[in-house]
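Summary of the model geometry
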Amino acid sequence: MEYVSRAPRPPLDGLVDDIYYLEGAPPYARLMLPPMPAALLIVNLGAPFRIRAGTDIETVEYADGCVVTTPTRALEFGYPRWTRSVGVHVKPWGLAPFLPMPAAELCDRPVTVEQVWGRPAVAELRDRLATAGGPHEMLTLLEEELMRRLRETAGLGLVSRTSGVIAASSGAVAIGDLREAAGVSSTHLARRFKELVGVTPKRLARTYRFAATVFAINPAVPVDWSDLAGGAGFFDQAHFGHEFRAFTGLTPTRYIDVRRRFLREHPGSVLDGWSLPMD
């Protein structure tokens, strides 16, 4: 698969991690994406893809693309044989300036880009992207669209600063400390987070801790689960295992088996590292 990405220019760099282009044959027809402390916007330029946001929710097809706020459960992506898209990996609070509704309304409920920006605007954007001269021009076009849509958002500074503290500690920070540092009540802080991120500070901290734990795993070597759990601040291995199942539906040992399968069957894939095969 071809993957091209770059960081955006200011002020988008305070909201967006990178803008990317993806094209090719996916390594698996279905991939599971555990929750990450991040949001996602995809403008689809190929055949429709499918998303299932939990075992109790029906699979939904997305033709124009999708918008995903910071999730609390794993997402199942179903890909066509050939996929092509331009997207944005967004910081947890980064979608708020581009949404016409509170982020909490979209929590674990991906929507189409049309539902957020309207059909005429998205159709025009997809046409421009589809006729662009190449991936780099496409990234520029999407960046310009984001710059054009950027708007002032009340409470964004508070949420981004507090989220930065959570990220810097990999989620290992007391919520009471966050409230004191922010200088607002816990109720006000939670309300702002739900509005702009879609989840509470406590939930975001859990996700940051899980992400830090996963990124600390080297699937190519034996894993000392006890040492990993202790280093991540879990009470014990039982607590550690519970979090793994909550975020992935897998035990830690099953998770590493699936990661190793991905490495073995598709070494060097651009989609390895976070997504997991489901076929």
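Scope of this entry: the structure provided in the associated data block.

Re the overall build of the protein
Within the protein, the secondary structure is distributed over 10 helices and 10 strands. Scaling as 2.2 N^0.38, a compact globule of 279 residues should have a C-alpha radius of gyration of about 19 Å, and the protein matches this with 19 Å. In terms of its C-alpha atoms, the protein occupies a principal-axis envelope of roughly 55 × 50 × 35 Å. In the form shown here, the protein has an accessible surface area of approximately 12,600 Å², with 53% of it arising from carbon and sulfur atoms.

As for helix H9 (residues 237-248)
When the terminal C-alpha atoms of H9 are compared, their 16 Å separation across 12 residues agrees well with the 16 Å that a helix rising 1.5 Å per residue should span. Every buried residue of H9 is accounted for by His239, Phe240, Gly241, Glu243, Phe244, Phe247 and Thr248. The elements touched by buried residues of H9 are strand S3 (30-33), helix H7 (201-215), helix H8 (225-231) and helix H10 (252-265). Of the residues trailing H9, Gly249 is marked for its positive phi of about 80°.

So, the packing of aromatic side chains
One pass over the structure, following the stated rule, counts 13 aromatic pairs. Aromatic pair Tyr3 and Tyr20: ring centres 5.5 Å apart, planes at 20°, arrangement stacked. Here the residue Tyr3 occupies a position in strand S1 (residues 2-6), and Tyr20 occupies one in strand S2 (residues 16-24), the gap between them amounting to 17 residues. Ring geometry for Phe49 against Tyr62: centres 6.0 Å apart, planes inclined by 20°, an arrangement best described as stacked. Remark: Tyr62 occurs in strand S6 (residues 60-62) and Phe49 occurs in strand S5 (residues 49-52); sequence separation between them is 13 residues. Judged by relative accessible area, Phe49 falls into the buried class, the value being 3%. In this structure an aromatic cluster arises from ring pairing among Phe210, Phe215, Trp225, Phe240, Phe244, Phe247, Tyr255 and Trp274.

Overview of the pattern of salt bridges
On inspection of all chains with the given rule, the structure shows 15 salt bridges. Of the charged contacts in the structure, one is a salt bridge between Glu114 and Arg119, with a shortest N-O distance of 3.3 Å. When salt bridges with common partners are traced through the structure, they connect Glu124, Arg128, Glu145, Arg148 and Arg149 into a single cluster.

Here we look at the sheet that holds S6
What links the strands of a sheet is backbone hydrogen bonding, and the strands pair in either a parallel or an antiparallel sense. Overall, antiparallel pairing links the five strands, which are arranged S6-S5-S8-S3-S10 in an open sheet. Strands at the two margins of the open sheet, each flanked by one partner only, are S6 and strand S10 (276-277). In this sheet, S6 lies alongside S5 in antiparallel orientation, the contact comprising three bridges. Residue pairing for S6: Ile51 is matched across the bridge by Val60.

Examining the pairing of strand S7 (residues 65-68)
Neither face of S7 is exposed, since Gly65 and Val67 on one face and Cys66 and Val68 on the opposite face are all buried. For strand S4 (residues 39-44) and S7, the ladder comprises four bridges, and the chain directions are antiparallel. For Leu40, the partnering residue across the bridge sits in S7 and is Val68.

Some details on the environment of Met36
Within the secondary structure layout, Met36 lies in the loop between S3 and S4. Leave out the neighbours within four places in its chain, and Met36 touches Thr70, Pro71, Thr207, Phe215 and Trp274.

Cut-offs applied
- Residues numbered from 1 in each chain as written.
- Predicted model: local features only at pLDDT ≥ 70, side-chain atom pairs only at ≥ 80, totals over all residues.
- Heavy atoms only, no water.
- Helix = DSSP H or I, 4+ residues; strand = E, 2+ residues; numbered from the N terminus.
- Rg over C-alpha atoms; globule rule 2.2 N^0.38 Å.
- Areas by Shrake-Rupley, 256 points an atom, 1.4 Å probe, with all protein chains shown as cover.
- Expected span 1.5 Å × (residues − 1).
- Buried < 20%, exposed > 50% of the residue type's maximum accessible area, 1.4 Å probe, protein only.
- Contact = heavy atoms within 4.5 Å.
- Phe/Tyr/Trp six-rings, centres within 6.5 Å; stacked < 30°, edge-to-face > 60°.
- Salt bridge = Lys/Arg side-chain N within 4 Å of Asp/Glu carboxyl O.
- Pairing = 2+ DSSP bridges.

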